[in-house]
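Residues per chain, in single letters:
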Amino acid sequence: MTLGPRIGVLAIQGDVREHVQALESSGARAQTVGSPTDLDEVSGLVIPGGESTTMSLLAVRDGLLDPLREARQGGMPMYGSCAGMIMLADRVLDARPDQQTIGGLDVTVRRNAFGRQVDSFETDISIEGLDDRAFPAVFVRAPWVESVGESVRVIARLGESSGADTIVAVTQGPLMATSFHPELTGDLRIHEMFIEMVRHYS
Ligand code: GLN
């Protein structure tokens, strides 16, 4: 058996451990990334959910934001979930004024888009590129994607059953982002998809 690719999970803040476990269960070699040196050791990076304002602040404080931007510009595959989606977005609505992102994904996202009264919910969605089985998508104070650039591919929307036609998952070259949290469901298909992406681009 060949060894899976080495994939990092950005360990500044958020649900790091769940992503490490999901990646390991999907056949990758996972490790946490908390410094620029760690970043050099991985061929792909997951940016977990959490709180994007805190993540941005700590990334700047720890001298990680520029290395992350450089790694992304160098073509490192990155997958952002929820707050991680915000960290990869080029444009953020309802951001804190000093909030910064890694960027690269040509999308406009809105933070806490589902409203504070809808703190969290779960719904089945279908995702392009996966098999036909519905994906259990868990949303926690989630952003949505309000608009996308030409090179962005929309791979999932909330269906009419949820009362909206809202974009909740996208890819663009080696970047992928979801509004929801696959690491909380035990369904490994998004992590497997990202591992394939890392293999493809490295
Ligand atoms: N609302 C959070 C933010 O703006 C994201 C929530 C999450 O990652 N679960 O960063």
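Residues numbered from 1 in each chain as written. Predicted model: local features only at pLDDT ≥ 70, side-chain atom pairs only at ≥ 80, totals over all residues. Heavy atoms only, no water.

**Things to note about the site of the ligand**
The line we're drawing: Nearness is judged by heavy atoms alone; a residue qualifies as near a molecule or strand once a single heavy atom is within 4 Å of it. Polar contact criterion, stated in full: a pair of N or O atoms within 3.5 Å, where within protein one must be able to donate a hydrogen and the other to accept it, and residues adjacent in sequence count only if both atoms are side-chain atoms. The protein chains shown are the only cover counted for residues, whose accessible areas, like all others here, come from Shrake-Rupley with a 1.4 Å probe. The classification used treats Ala, Val, Leu, Ile, Met, Phe, Trp, Tyr, Cys and Pro as nonpolar, Asp, Glu, Lys and Arg as charged, and all other residues, Gly among them, as polar.
Close contacts around the ligand come from Gly49, Gly50, Glu51, Ser52, Cys82, Ala83, Ile86, Arg111, Asn112, Val140, Arg141 and His181, and that covers them all. Residue Ser52 places a main-chain N or O atom 2.5 Å away from an oxygen atom belonging to the ligand. At a separation of 3.0 Å, an oxygen atom of the ligand approaches a polar backbone atom of Ala83. Computed on the free molecule, the ligand has an accessible area of 300 Å², of which 98% lies beneath the protein chains in the complex. Its residues placed into classes, the shell around the ligand shows 4 nonpolar, 5 polar and 3 charged.

**Structural notes on the pairing of strand E12 (residues 175-178)**
Heads up, the condition is: We call a residue buried when its accessible area falls under 20% of the maximum for its residue type, exposed when it is over 50%, and partly exposed in between, using a 1.4 Å probe and counting protein chains only. Counting from the N terminus, the helices are DSSP H or I runs at least four residues long and the strands are E runs at least two residues long. Two strands are counted as paired when DSSP detects at least two bridges linking them.
Burial along E12 is two-sided: Leu175 and Ala177 and Met176 and Thr178, pointing in opposite directions, are all buried. The pairing of strand E4 (residues 78-81) with E12 spans 4 bridges and is parallel. Residue pairing across strands places Met78 opposite Leu175, the latter belonging to E12. Bridge analysis of strand E11 (residues 167-172) against E12 gives 4 bridges, and the strand direction is antiparallel. Across the sheet, Thr171 pairs through a bridge with Met176, a residue of E12. In this antiparallel pair of consecutive strands, E11 and E12, the connection spans 2 residues, and Gly173 shows a positive phi of 55 degrees.

**Concerning helix H3 (residues 52-61)**
The criterion, for reference: Working rule for contacts: check all heavy atoms of both residues, and any pair within 4.5 Å makes them a contact.
Within the sequence span of H3, burial applies to Ser52, Thr53, Met55, Ser56, Leu58 and Ala59. Contact partners of the buried residues in H3: strand E3 (44-47), helix H4 (65-73) and helix H5 (83-88). With its phi angle positive at about 70 degrees, Gly63 sits one or two positions after the end of H3.

**Notes on the packing of aromatic side chains**
Operational definition: Each Phe, Tyr or Trp ring, with Trp reduced to its six-membered ring, pairs with another whose centre is within 6.5 Å; inter-plane angles below 30 degrees give stacked pairs, above 60 give edge-to-face pairs, and intermediate values give tilted ones.
Within the structure shown, the criterion is met by 7 aromatic pairs. Summarising the aromatic geometry, the rings of Phe114 and Trp144 are spaced 5.1 Å apart at their centres and angled 85 degrees between planes, so their arrangement reads as edge-to-face. Taken together, the residues Phe114 in the loop between strand E6 (105-110) and strand E7 (120-125) and Trp144 in strand E9 (residues 144-148) connect sequence positions 30 residues apart. Aromatic rings pair up to connect Phe114, Phe121, Phe135, Phe139, Trp144 and Phe180 into one cluster.

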